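Residue-level structure breakdown
Spelled out from the first residue to the last, the chains are:
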2 protein chains.
Amino acid sequence: MNQVPAKPEGVDESVWQQMLAASPLEARKLIRQGAFAAPTSGLCPGYAQANLIVLPREQAYDFLLFAQRNPKPCPLLEVTEVGSRQANICATDCDIATDFPRYRIYRNGVMTEEVTDVSEYWRDDLVSFVIGCSFSFESDLIEAGIEMRHNTMGRNVPMYLTNIACKPAGMMSGNMVVSMRPLPPEQIVPAVQLSGAIPSVHGAPVHIGDPALIGIKDISKPDFGDPVDIYPGETPVFWACGVTPQSIVMNVKPEFAITHAPGHMLITDTKNVNLRG
Amino acid sequence: MNQVPAKPEGVDESVWQQMLAASPLEARKLIRQGAFAAPTSGLCPGYAQANLIVLPREQAYDFLLFAQRNPKPCPLLEVTEVGSRQANICATDCDIATDFPRYRIYRNGVMTEEVTDVSEYWRDDLVSFVIGCSFSFESDLIEAGIEMRHNTMGRNVPMYLTNIACKPAGMMSGNMVVSMRPLPPEQIVPAVQLSGAIPSVHGAPVHIGDPALIGIKDISKPDFGDPVDIYPGETPVFWACGVTPQSIVMNVKPEFAITHAPGHMLITDTKNVNLRG
C-alpha cells in the first residue's frame, strides 16, 4: 500500500513535489534554505525522523538521565558534543540549528518565539538531544495497510498531554505526551505488534481506548498538532511521543531551551530498519 | 536442560547450597554479610545480574553519554542519584556499596585495592552505573541446551580486551572488552538468535571466529576472568561485555572509580524476560 501524504496547507506545489522526491540530505537542504517549513510526516519513507530538545550543559546531565529512565517517550538517536551544531551519528552534513523546518524557543518554561532557523540563538554551552519519532513505525503500519488518518487528512498527528508521570531525574520531571491514531478493531493487534517490534523508537502503544483513563479530557482538542476524525467503531490508540521533553521544559522551567515545533521534524539518514532491536 | 553451576573454589559448601536456593534478595543479603565473595555466574537463574562502575559526578555526564553511544557493551539497568548508595529501579533493599561480592578501587586509572565492601570508600559525589550482564542471555542459551563452558568448569567467564574502539564521549574513550564462549558449529546460529533477542543486554555477538581479527593475541590468556577449554571443532564466540568500563577507566584515568570485580556481579530483582525488547 502506497500512502502519499497530502500536501500541508501553505506549501508551494513545486517545493512539495521536490520534497516528495528528495533524499534525506536533499530534504534537509530544502529546509535549510527556508523553502519548506511545514510538518514532515510521510516524507522520505523508510528514514527515521527526529524530535529535538536543546538545553544548556548545566541541565544536560539531568536530561540525559531522564531520557535513560524514560526510553519510551525519549529514545535518543544522538546527543551532540557541548556547543556543536553538527549531528554526526544519525546524519551527515546536518546542522541542528537550520535543518528542522520549525523551532520553538522556551525561556523559563514559556514559549517565546517560533522560528525556522535558530542560528542566531545558538550558544557555546548548548547540547542537542535528537530523539526518535513515531513516524519511524508509521512506515511499517502503512505498509501493512493501516491508514494514518493525519497523513490522509494532510494534518499534523494529534498529541496530548497525559496524567502518566515520567520517572524523574534530578531537576527533570513531568508527564508524558502521547500521539494518537484512531484504528478499526482488526488493526489494533497488528499495530501493537509492528510498533512493538521497533522498541528503540517508542515501541508498542502506552494506552488503547478511553482517553479519560490517561487524563485526556477532550480528544477533539489535542495539546499539540491537529485533531483528526475518529470514525464510528474506531478506537484511539496512544503511543509515547517525543514531544514529551516540551512538557518537561514547561514543567521544570530551565532558563533556556530550544525544541522543534511539533510535527516539524529532522529527516535523518538513519533507516528505520536499522532501529529495530 | 538444567545446568547447575559448579561450586567456585574456596566457597563454603553450606553457603553454596544457600546461594543455590536463594532469591535475589536473600543472595544479596548473604553477600552483604560477607558470607559469599565469589563469582555469581549461574546463580538465581532468570534474574538479571549486573556490572558496576561508580564515578564522581564530575565524570558522570561523560560516562552517561558514553553508555548512550555504546549500548552493546554498556546497557544501563540503572543510574543512581548523586551520592546515593541505594539502587531503586533494578532492585529493592539494595546497597550498591555492599551487595556485590567483590569490588575494585581505581585511582588515576590504576587498580589499587580489591575489597568485598566499599562502604568506607563512599563519597557524597559518587554516581553508580549499574550495567547489564551477559549472564542475562546465558539462561536462554542453557535452556536451549548450549553448554556454558565456564559454568560447567566452575570458572569465571573469560574476558578479553579487544582492538574494537568504542565511540568516544567527552573524556571517555577506549576499546571494548568481550566475553567468550566456545561453541560447536550447530550451536552458533541459535546462540546468535537467542542473545540477539535480548538487545537491551549486550544482544547478538560482536565477533565469531578468529580472535586475532579483534586484537586478541592468546585466547588461553584472558585479560579478565579465567581461561576455559576449547574442544576440537569449536569456534570462539565473542559478546560485548560490561567490563568495558574498566578498560575505559584504565584508559582515561579518572581520579577515582569503583568497579565490581569481573564475574562478581550484583544479582538484581529484574527478570531477564523483562529485558527483552
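Here we summarise the structure given alongside this text. Since we're looking at a predicted model, the values are computed, not measured.

What counts, and where the lines are drawn
Residues numbered from 1 in each chain as written. Chains lettered and ligands numbered in written order. Predicted model: local features only at pLDDT ≥ 70, side-chain atom pairs only at ≥ 80, totals over all residues. Heavy atoms only, no water. Least-squares fit on C-alpha atoms with pLDDT ≥ 70 in both. Contact = heavy atoms within 4.5 Å. Disulfide = S-S within 2.5 Å. Buried area = accessible area lost by both parts, 1.4 Å probe. Salt bridge = Lys/Arg side-chain N within 4 Å of Asp/Glu carboxyl O. Polar contact = N/O pair within 3.5 Å; in protein donor to acceptor, adjacent residues only side chain to side chain. Helix = DSSP H or I, 4+ residues; strand = E, 2+ residues; numbered from the N terminus. Nonpolar A, V, L, I, M, F, W, Y, C, P; charged D, E, K, R; others polar. Phe/Tyr/Trp six-rings, centres within 6.5 Å; stacked < 30°, edge-to-face > 60°. Buried < 20%, exposed > 50% of the residue type's maximum accessible area, 1.4 Å probe, protein only. Lys NZ or Arg CZ within 6 Å of the ring centre and 35° of its normal. Pairing = 2+ DSSP bridges. Axes fitted to C-alpha atoms, helices over the stretch in contact; angles between N-to-C directions. Expected span 1.5 Å × (residues − 1). Arc of directions from axis to C-beta.

1. Regarding the relation of the copies chain A and chain B
- At an RMSD of 0.0 Å, chain A and chain B line up after a rotation of 180 degrees and a shift of 0.0 Å along the axis. Taken together, the rotation angle and the small translation identify this as a two-fold axis. Residues of chain A ranked by C-alpha distance from the rotation axis are headed by A:Y61, positioned 2.7 Å from it.
- Taken together, the interface assignments show that 100% of the residues at the interface of chain A recur at the interface of chain B, consistent with an identical surface on both copies.

2. A few points about the state of the cysteines
- On inspection of all chains with the given rule, the structure shows 0 disulfides over all chains.
- Of all cysteine sulfurs in the structure, the one in A:C94 sits closest to A:C44, which takes part in no disulfide; the separation is 12 Å.
- The thiol of B:C94 is unpaired, and the distance to the nearest cysteine sulfur, on B:C90, comes to 5.6 Å.

3. Notes on the interface of chain A and chain B
- Each side of the interface is counted separately: chain A has 18 residues, and chain B has 18 residues.
- Summing both sides of the interface, chain A and chain B together bury roughly 1,600 Å²; the carbon and sulfur share of this comes to 59%.
- Contact with chain B buries surface across chain A, with A:Y61, A:L64 and A:Q68 losing the most and accounting together for 36% of the total.
- Put simply, B:R69 and A:E81 hold a salt bridge, and the shortest N to O gap is 2.6 Å.
- Joining chain A to chain B, the criterion identifies 6 residue pairs in polar contact (both at pLDDT 80 or more).
- Among the secondary structure elements, those contributing two or more residues to the side of chain A that touches chain B are α3 (57-69) and β2 (76-79) of chain A.
- Looking at the side of chain A that touches chain B, the element that brings in the most residues is α3(A), giving 7 residues.
- Split into classes, the residues belonging to the side of chain A that touches chain B amount to 10 nonpolar, 4 polar and 4 charged.

4. Details of the packing of aromatic side chains
- With the rule as written, the count across this model stands at 12 aromatic pairs over all chains.
- Judged by centre distance (5.6 Å) and plane angle (55 degrees), the ring pair of B:F100 and B:Y103 falls under tilted.
- The buried category is assigned to B:Y103, whose relative accessible area is 0%.
- On the numbers, 5.0 Å between centres and 35 degrees between planes, the contact of B:F137 with B:W239 is tilted. Highlighted residues: B:F137 in helix α4 (residues 135-143) and B:W239 in strand β11 (residues 235-240), separated in sequence by 102 residues.
- The exposure class assigned to B:F137 is buried, which follows from its relative accessible area of 0%.
- Judged by relative accessible area, which is 0%, B:W239 ranks as buried.
- In textbook terms, an aromatic cluster arises when at least three aromatic residues are bridged by ring pairs, as seen for A:F63, A:F66 and A:F129.
- Positioned above the aromatic ring of B:Y61, the side-chain terminus of A:R57 is 4.1 Å from the ring centre.
- A cation over an aromatic ring shows up here: B:R149 above the ring of B:Y231, its NZ or CZ 3.9 Å from the ring centre.

5. Describing the sheet that holds strand β10 (residues 207-208) of chain A
Residue and element names in this part refer to chain A.
- Reading across from one edge, β8-β9-β11-β10 is the order of the 4 strands in this open sheet, with antiparallel pairing throughout. Each end of this open sheet is capped by a strand with a single partner; those strands are β8 (159-165) and β10.
- Taken together, the 6 bridges between strand β9 (residues 175-183) and strand β11 (residues 235-240) define a ladder with antiparallel strand orientation. If you follow R181 over to β11, its bridge partner there is V237.
- Where helix α7 (residues 244-252) meets the sheet, its contacts fall on β8 and β9, and the angle it forms with β9 comes to roughly 145 degrees.

6. Section: helix α6 (residues 185-196) of chain A
Residue and element names in this part refer to chain A.
- In this model, α6 (12 residues) spans 18 Å end to end at C-alpha, consistent with the 16 Å of a helix rising 1.5 Å per residue.
- Listed in full, the buried residues belonging to α6 are Q187, I188, A191 and S195. What you see down the axis of α6 is that its buried residues fit within an arc of 115 degrees, all on one side. Projecting away from the buried face of α6 at angles above 90 degrees are the exposed residues E186, V189 and Q193.

7. Here we look at the environment of A:E120
Residues and elements named next belong to chain A.
- Looking at the secondary structure, you find E120 in the loop between β6 (110-115) and β7 (126-132).
- Look at E120 and you get exposed, because its relative accessible area is 73%.
- For the pair formed by E120 and P39, sequence separation is 81 residues and the distance between their alpha carbons is 23 Å.

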